[in-house]
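Close look at the chain arrangement
In case you want the letters, here they are:
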Amino acid sequence: MVTAATAGLVLAGLSGCSADTAGNSSGPIELTFWHGYTEADGDVLDSIVKDFNESQDDVRISTETKTWAVIDDTLLPALSSDTGPQLVAMPAERLPVYASKKALVSLDDFYASDTSNTSELNPEAVAMETVGGSIYGVPTGFVPLSVFYNKALFTAAGITEFPSTWDEWVDAAKRMTIDEDGDGTPEQYGLVLPDHGTVGNGLWASLFEGNGGSITSDDGTKATVDSPENIETLEYWSSAINTDKISPTGVDGIGADKLFTSGKAAMHVGGPWMASVSKDAGIDYGIAGIPAGPEAQAASAIGVSMAVTAQASDAEQAAAEKFLAYFNEKSVATDWSLGSGWPPLRTDITAADVSSNPTVAALTEHADTSRALLPGVVQSTDVLAAVDEATQKAVAGGNAEELLKAAQDKVTAALGE
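For clarity, every value in this text was computed on a predicted model and none was experimentally measured.

What counts and what doesn't
Here the residue numbering is sequential within each chain, running from 1 through the sequence in written order. Per-residue local features of the predicted model are confined to residues with pLDDT of at least 70, and side-chain atom pairs are confined, for both listing and counting, to 80 or more; whole-chain, interface and lining totals are unaffected and use all residues. Remark: hydrogens and water are excluded; side-chain values derive from all non-hydrogen atoms of the structure. For helices the rule is a DSSP run of H or I covering at least 4 residues; for strands it is a run of E covering at least 2, with both sets numbered from the N terminus onward. The angle between two axes is taken between their N-to-C directions and runs from 0 to 180 degrees, where each axis is a line fitted to C-alpha atoms and a helix contributes only its stretch in contact. Note on angle classes: values under 35 degrees are labelled roughly parallel, values over 145 roughly antiparallel, values of 65 to 115 roughly perpendicular, and the remainder oblique. The contact definition used throughout considers only heavy atoms, calling two residues in contact when any of these lie within 4.5 Å. Each residue gets one of three labels, nonpolar for Ala, Val, Leu, Ile, Met, Phe, Trp, Tyr, Cys and Pro, charged for Asp, Glu, Lys and Arg, and polar for the others, Gly among them. To estimate how far a helix should extend, the number of its residues minus one is multiplied by 1.5 Å. Working definition: with a 1.4 Å probe on protein chains only, accessible area under 20% of the residue-type maximum means buried, over 50% means exposed, and in between means partly exposed. Definitions used for this entry: grid spacing 1 Å over protein atoms alone; cavity, a set of points where a 1.4 Å probe fits but cannot get out; pocket, an open set with protein on both sides within 12 Å along at least 5 of 7 lines; lining residue, one with an atom within 4 Å of a point. Grid points are joined across faces, edges and corners, and a volume is the space filled by probe spheres set on the points. Every case where a carboxyl oxygen of Asp or Glu lies within 4 Å of a side-chain nitrogen of Lys or Arg is listed as a salt bridge.

Located in the positive-phi region is Asp82, a residue other than glycine, with phi close to 60°. Within the fold, Asp82 resides in the loop between α3 (68–80) and β3 (87–91). Backbone geometry places Asn117, a non-glycine residue, at a positive phi of 60°. Locating Asn117 in the fold gives a position in the loop between α5 (108–112) and α6 (123–127).

Below, the structure written as structure tokens:
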């Protein structure tokens, strides 16, 4: 672990040549960077790395593009045999797992440095990188779940403004729910709320937070699933779904995507990928923030993290941090946002700054509602599976209080593992 001061001294001595892990003069420090950006965003990231390499003489980074699954399967074995990368990107929910296995180094001193360009990062995105009170990564993506809506169906229903509260949201959904034959199964739903298999179950976490609830305590150590607020939330939405038929039941995230893109649902909660999916389906769509609940407007955010591995020597960590600081620069962060299609990671980059990409600009408009999903929780998969089971059964007519109490026990057990 190098301090910020030590890192600065290491890099200061790299002018023209640099030390390898044995301390010998050997030219620029060479770093390997694994990432899973396999689409156009991968080309953008590789271009940023290329520009960084050309901007200075001290560090050279080579990228290796793999799928996220391959990274997850091979990172620990590669690090154990000293053949792994010094830099790695991964889905944010995996960062606590690797931090707990001591496969990543703490970046606390890096964040404390004035030259890290981290002071303007979205604090919720930084929370996503925090495990046990220490920061282990830099966000490369952080995007709130948003409501994608069918403009044509809104126009047909005479709705001119997107709802801003839960009650308005439900009312709009009721107006766009159509059951022409009266058989109890609408041909068109006003809203599709998947009750299981959602994006990290971020939908239900968002709704819980909108009413002042949560799944765990802020530090991720205690279960808070069976709170009165969460019970009230689950009862509210279960009633809207079962009584008013605004959304089908038994639908997972993929099924919800299909209902929206087929024009059979007027609104759907999803991530930025829904923009291209909707466009390909010929849907004239709009993007809005999840309407505010009784206590807050909140949207769970999913993300991707970039970290320095424990394989890195002190000199390599300092070199990697030089790249992280470059990646966080405002101009680079703006280019990355536009290229990746995700909202800016810096709070000083406005929707106007990214207006050339309408999807990114729309997501940026409500980026301040973002909430990190279970930051620092190692067993997040098990925690969300317990919530998944409760929401699915409640929406199907089960007792919300009893189901959340059962989920509380399972989440408590998962956090204790």
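Interaxial distance between helix α16 (residues 380–395) and helix α17 (residues 400–416) falls to 8 Å at its minimum, and their mutual angle equals 170°. As summarised for this structure, α16 and α17 are arranged roughly antiparallel, according to the angle between their axes. Every residue of α17 that contacts α16 at Asp382, Val383, Ala386, Glu389, Ala390, Lys393 and Ala394 is listed here: Ala400, Leu403, Leu404, Ala407, Lys410, Val411, Ala414 and Leu415. Along the lines of polarity and charge, the residues of the contact of α16 with α17 split into 11 nonpolar, no polar and 4 charged.

Right, let's talk about α16 for a bit. The first and last C-alpha atoms of α16 sit 22 Å apart over 16 residues, in line with the 22 Å expected at 1.5 Å per residue. Within the sequence span of α16, burial applies to Ser380, Val383, Leu384, Ala386, Val387, Asp388, Ala390, Thr391, Ala394 and Val395. Elements that come into contact with the buried residues of α16 comprise α9 (202–210), α10 (228–244) and α17. Just past α16, the residue Gly397 takes up positive phi, approximately 115°.

Here we come to the layout of surface pockets. One number sums up the size of the largest pocket: a volume of about 620 Å³. For the largest pocket, the lining is made up of 29 residues, of which Thr216, Ser217, Asp218, Gly220 and Pro375 are closest to its centre. Taken together, the elements giving at least two residues each to the lining of the largest pocket come down to α6, β4 (130–131), α9, β11 (370–372) and α17. Taken together, the residues that form the lining of the largest pocket break down as 12 nonpolar, 11 polar and 6 charged.

Take the pattern of salt bridges next. Evaluation of the coordinates by the stated rule reveals 8 salt bridges. The salt bridge involving Asp58 is made with Lys322; its shortest N-O contact spans 2.9 Å. Taken together, the residues span a long stretch of sequence, with Asp58 in the loop between α2 (40–55) and β2 (59–65) and Lys322 in helix α13 (residues 314–327) at a distance of 264 residues. Among the ionic contacts, a cluster of salt bridges with common partners joins Glu389, Lys393 and Lys410.

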